[in-house]
Amino acid sequence: MAAIDVRNLHISFPLYHGASRSLKHSMAEAVSGWRSGPSAHLARDARARIVVNVLRGIDFQLRPGDRLGLIGGNGAGKTTLLRAMAGIYEPIAGRVQIQGLLGTLLDPNLGMNIELTGRENIGLRCRFFGLARADVQDIEHNVEDFANLGDFMDMPMKTYSAGMLVRLAFGLATAITPQVLLMDEWFMAGDASFMEKAQHRLAALVERTEILVVSTHQPDIMCRWCTRVIWLDNGMIRMDGTPDDVLAAYLAA
Ligand SMILES: Nc1ncnc2c1ncn2[C@@H]1O[C@H](COP(=O)(O)OP(=O)(O)OP(=O)(O)O)[C@@H](O)[C@H]1O
């Protein structure tokens, strides 16, 4: 049975920069009077580096049937939370536990080897999911039909345009049904002809998956798909409730 357990999650990034010396000095000035530690947005870590505390004490649990929407202004921490749940970022405190086969629609390059062809990447992903040979062939045909890349299916992915990359990544991610699906909203913002083709496929995938977590700025998607919404504000949960309640408060703020 799929489950997600996020407990007291803290994610920080050390600030590195091309001009890190001067940046460091100016940031050091900025934070010198601030509280240090995970409750401050800018702080110093144990090695005296300046860090941005992007997520601070996030807590929630999800069970099969839950469809969670993440909403919040730019820089609130939605993408960081999705990436931490996908295991891309390591928490500095707290934990993320996911039970069940995990699928992501976060970044078209994620899990792809651009030196390999589209077809080879499909094979790799299927092996990662432990699929039988017969299923791999079905998935290969399914993705080939959807992505419509012609001869490019057998060309290294580094030769693909951005649009071609998205078509292959989207086709592949929606061809295999995970138990837990993490999705960032830019996957729903392709050009009109792509979206028309993609929407039905995406809706069917969302229907099949046991738990969905989606980040979006679009209230209509929240209302259509989600059973619960978390409003993130400056790396913390400002409100957690039904889509109607949270959206009303968010839009009124
Ligand atoms: N690798 C990084 N290093 C330093 N800061 C980062 C890094 N990644 C994200 N941040 C910062 O973390 C904060 C949250 O970013 P995040 O992308 O998670 O926000 P978001 O809610 O998804 O925003 P948006 O709606 O604009 O996509 C921002 O202030 C961002 O600048």
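This section reports on the structure supplied with the text. (Residues numbered from 1 in each chain as written. Predicted model: local features only at pLDDT ≥ 70, side-chain atom pairs only at ≥ 80, totals over all residues. Heavy atoms only, no water.)

Some thoughts on the nonpolar core
Core analysis: the biggest nonpolar cluster contains 27 residues, and Ile4, Leu9, Ile58, Phe60, Leu81 and Val213 have the highest contact counts within it. For this core, the elements supplying multiple residues, two or more each, are strand S1 (3–14), strand S3 (50–62), strand S4 (67–71), helix H2 (78–85), strand S7 (180–184), strand S8 (211–215) and strand S9 (228–233). The element that contributes the greatest number of residues to this core is S3, accounting for seven residues. Counting residues in hydrophobic clusters, the runner-up holds 24 residues, among them Ile71, Val166, Phe194 and Leu202. (Core = buried A, V, L, I, M, F, W, Y, C linked by side-chain atoms within 4.5 Å. Buried < 20%, exposed > 50% of the residue type's maximum accessible area, 1.4 Å probe, protein only. Helix = DSSP H or I, 4+ residues; strand = E, 2+ residues; numbered from the N terminus.)

Describing the packing of helix H4 (residues 133–147) against helix H5 (residues 162–173)
A pair of packed helices is characterised by two quantities: the angle between their axes and the separation of those axes. Across the interface, H4 lies against H5 with an axial gap of 9 Å and an inter-helix angle of 140°. In terms of orientation, H4 and H5 fall into the oblique class. In the crossing of H4 with H5, the sense of the turn from one axis to the other is right-handed. Two secondary-structure elements touch here, H4 through Ile139, Val143, Phe146 and Ala147 and H5 through Arg167, Leu168, Phe170, Gly171 and Leu172. Its residues placed into classes, the contact of H4 with H5 shows seven nonpolar, one polar and one charged. (Axes fitted to C-alpha atoms, helices over the stretch in contact; angles between N-to-C directions. Parallel < 35°, antiparallel > 145°, perpendicular 65-115°, else oblique. Left-handed = near helix turned anticlockwise from the far one by under 90°. Contact = heavy atoms within 4.5 Å. Nonpolar A, V, L, I, M, F, W, Y, C, P; charged D, E, K, R; others polar.)

Some points on the pattern of salt bridges
As enumerated under the stated definition, the model contains 10 salt bridges in all. A salt bridge links glutamate 140 to arginine 119; the nearest nitrogen and oxygen atoms lie 2.7 Å apart. In this pair, glutamate 140 sits in helix H4 while arginine 119 sits in helix H3 (residues 118–128), placing the two residues 21 residues apart along the sequence. Ionic pairing is found between arginine 119 and glutamate 144, a salt bridge with its closest N-O pair at 3.2 Å. Remark: glutamate 144 occurs in helix H4 and arginine 119 occurs in helix H3; sequence separation between them is 25 residues. You can call glutamate 144 partly exposed: its relative accessible area is 26%. (Salt bridge = Lys/Arg side-chain N within 4 Å of Asp/Glu carboxyl O.)

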